[in-house]
Amino acid sequence: PVLAIYGEKDLVVPVSVHVPAMKAALQHPESLVETWPQANHLLLLGEKRGDFQLSEIEGYPQGLFARINEWVLQ
C-alpha cells in the first residue's frame, strides 16, 4: 500500500498531471492519493505570492501528520 500526498500549490509536481497518473498506477486497494489544500511541494503553507518564499512559511497544514499516522496505523 502507498499513501501519496501532494500539495495543491505544488509548482514542481503539478497535481493536475501527477494525481491522476498516480491514482491510475496504484493498484493496491489500500493505496490512497490525497491533495492537501494550500500546501506547496514541501507540504508547507504560506505562499502568499504564488512562489516559494522561506520568509512566508506558516508551517504544515493542521492535521497532516495525524493523517499520516492514522494511515500507517491502519
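Scroll up to find the structure.
Throughout what follows, the structure given in this document is the object of discussion. (Residues numbered from 1 in each chain as written. Predicted model: local features only at pLDDT ≥ 70, side-chain atom pairs only at ≥ 80, totals over all residues. Heavy atoms only, no water.)

## Thoughts on helix 2 (residues 64-73)
Our working rule: Relative accessibility thresholds used throughout: buried, under 20% of the residue-type maximum; exposed, over 50%; partly exposed, between the two (1.4 Å probe, protein chains only). A helix here means a DSSP run of H or I that spans at least four residues, while a strand means a run of E at least two residues long, and both kinds are numbered starting from the N terminus. Working note: the arc is built from the helix axis to C-beta atom directions.
Buried residues of helix 2: Leu-64, Arg-67 and Trp-71, and no others. For helix 2, the angular spread of buried residues about the axis comes to 65°, placing them on one side. Summarising the geometry of helix 2, the exposed residues directed more than 90 degrees from the buried face are Ala-66, Val-72 and Leu-73.

## Points about the packing of aromatic side chains
Defined as follows: Each pair of aromatic rings taken from Phe, Tyr and Trp, with Trp reduced to its six-membered ring, is defined by centres within 6.5 Å and is described as stacked if the planes are under 30 degrees apart, edge-to-face if over 60, and tilted in the remaining cases.
For the structure shown, the criterion picks out one aromatic pair. Ring geometry for Tyr-60 versus Phe-65: centroids 5.0 Å apart, planes at 75°, classification edge-to-face. A relative accessible area of 46% means that Phe-65 is categorised as partly exposed.

## Things to note about the side chain of Glu-34
In plain terms, the rule: N or O atoms closer than or at 3.5 Å make up a polar contact, with two conditions inside protein: a donor-capable atom paired with an acceptor-capable one, and, for residues adjacent in sequence, both atoms drawn from side chains. For this analysis, residues touch if any pair of their heavy atoms sits within 4.5 Å.
For Glu-34, the location among the structural elements is in strand 2 (residues 32-36). Only 3.3 Å separates the side chain of Glu-34 from the side chain of Trp-36, close enough to count as a polar contact. Those residues in contact with Glu-34, other than ones at most four positions away along the chain, are Leu-3, Ala-4, Ile-5, Tyr-6 and Arg-67.

## With respect to the pattern of salt bridges
For clarity, the threshold we go by: When a carboxyl oxygen of Asp or Glu lies within 4 Å of a side-chain nitrogen of Lys or Arg, that pair is called a salt bridge.
Enumeration according to the criterion identifies two salt bridges in this entry. Glu-34 is the partner of Arg-67 in a salt bridge, and the nearest nitrogen-oxygen pair spans 2.8 Å. Linking Arg-67 in helix 2 with Glu-34 in strand 2, this pair joins segments that are 33 residues apart in sequence. Since its relative accessible area comes to 15%, Glu-34 is described here as buried. Using a relative accessible area of 17% as the deciding quantity, one classes Arg-67 as buried.

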